[in-house]
Amino acid sequence: MTAETTARLLIIGPPGAGKGTQAGRIAARYQVPAISTGDIFRANIQGGTELGQQVQAIIEQGELVPDELTNRIVADRLSQDDAASGFLLDGYPRTVDQVHALDGMLNGSSLDAVVLLEADPEEVVARLLKRAAVEGRSDDTEEVIRHRQDVYAEQTAPLIDLFSKRGILVSVDGLGSVDEVSERIAEGLAAQLNARVGQ
């Protein structure tokens, strides 16, 4: 599969696994927009919009934004012209129900590949605490971070099995330098997308 071929991708993994950094690199490689629900939510919070006020209260409790609200935002973003030739999702879908909603947005078809960044829970907690100190994120206390990890394990980890059964999961070791992880992702995605083209 070349950069010009449609590529509908998702990156998934526990909070703090480095998804945002790698999402930007993947999107640039495949020339598709990186769509982060977290970025969309934060932009609304900073802008003081009605949506931002709703989301801020939810995020500060370490909870996930309700599916109905998130689905609506993602559907609107995927309908924009720059996503017609593909996209890289980061932060959505987080639940099985959201996967089914995304299938509907894609007219019943599936994603082309899902990158799973795997990382030790204690390592990602340490990463997030360091990021909180550097960036001054009020929502990144240790208690909230650990709760977010628990929420991920309970609600999002089941997606791993679902995507594995669909044959689109690309598991990658998320620990190491940014370049090392990027290289592992590039190799795994190339193999997965080339295999789908050959089907």
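Quick note: structure is the one above.
All values derive from a computational prediction rather than experimental measurement. (Residues numbered from 1 in each chain as written. Predicted model: local features only at pLDDT ≥ 70, side-chain atom pairs only at ≥ 80, totals over all residues. Heavy atoms only, no water.)

With that out of the way, let us pick up the sheet that holds strand E1 (residues 7–12). In spatial order, the strands read E2-E3-E1-E4-E5; together these five strands make up an open sheet with parallel pairing. Taken across any chain shown, the strands that pair with only one partner, and hence form the sheet edges, are strand E2 (34–36) and strand E5 (169–173). Recorded for the sheet is a direction-independent mean angle of 20° between the axes of neighbouring strands. Against the sheet, helix H2 (residues 37–47) contacts E2 and strand E3 (86–90), and its axis sits at roughly 60° relative to E2. (Pairing = 2+ DSSP bridges. Helix = DSSP H or I, 4+ residues; strand = E, 2+ residues; numbered from the N terminus. Axes fitted to C-alpha atoms, helices over the stretch in contact; angles between N-to-C directions. Contact = heavy atoms within 4.5 Å.)

Take the packing of H2 against helix H3 (residues 50–60) next. Between H2 and H3, whose axes approach to 7 Å, the crossing angle comes to 115°. Judged by the angle between their axes, H2 and H3 are roughly perpendicular. Relative to H3, H2 is oriented so that their crossing is left-handed. Of the residues in H3, those touching H2 at Phe 41, Asn 44 and Ile 45 are Leu 51, Gly 52, Val 55, Gln 56 and Ile 59. (Parallel < 35°, antiparallel > 145°, perpendicular 65-115°, else oblique. Left-handed = near helix turned anticlockwise from the far one by under 90°.)

Each pocket or cavity is described by its volume, and for the largest pocket that value is around 1300 Å³. Taken together, 47 residues form the lining of the largest pocket, with Gly 16, Arg 42, Leu 128, Arg 131 and Arg 137 sitting closest to its centre. Contributions of two or more residues to the lining of the largest pocket are made by helix H1 (19–30), E2, H2, H3, helix H6 (121–135) and helix H9 (178–197). Here the lining of the largest pocket takes seven residues from H2, the largest share from any one element. Along the lines of polarity and charge, the residues of the lining of the largest pocket split into 12 nonpolar, 20 polar and 15 charged. Around the second largest pocket, the lining comprises 14 residues; the ones closest to its centre are Arg 8, Leu 78, Phe 87, Met 105 and Leu 106. For the lining of the second largest pocket, the residue count by class is seven nonpolar, six polar and one charged. (1 Å grid on protein atoms, 1.4 Å probe; cavity = no way out; pocket = protein on both sides within 12 Å on 5 of 7 lines; lining within 4 Å. Points joined across faces, edges and corners; volume = space filled by probe spheres on them. Nonpolar A, V, L, I, M, F, W, Y, C, P; charged D, E, K, R; others polar.)

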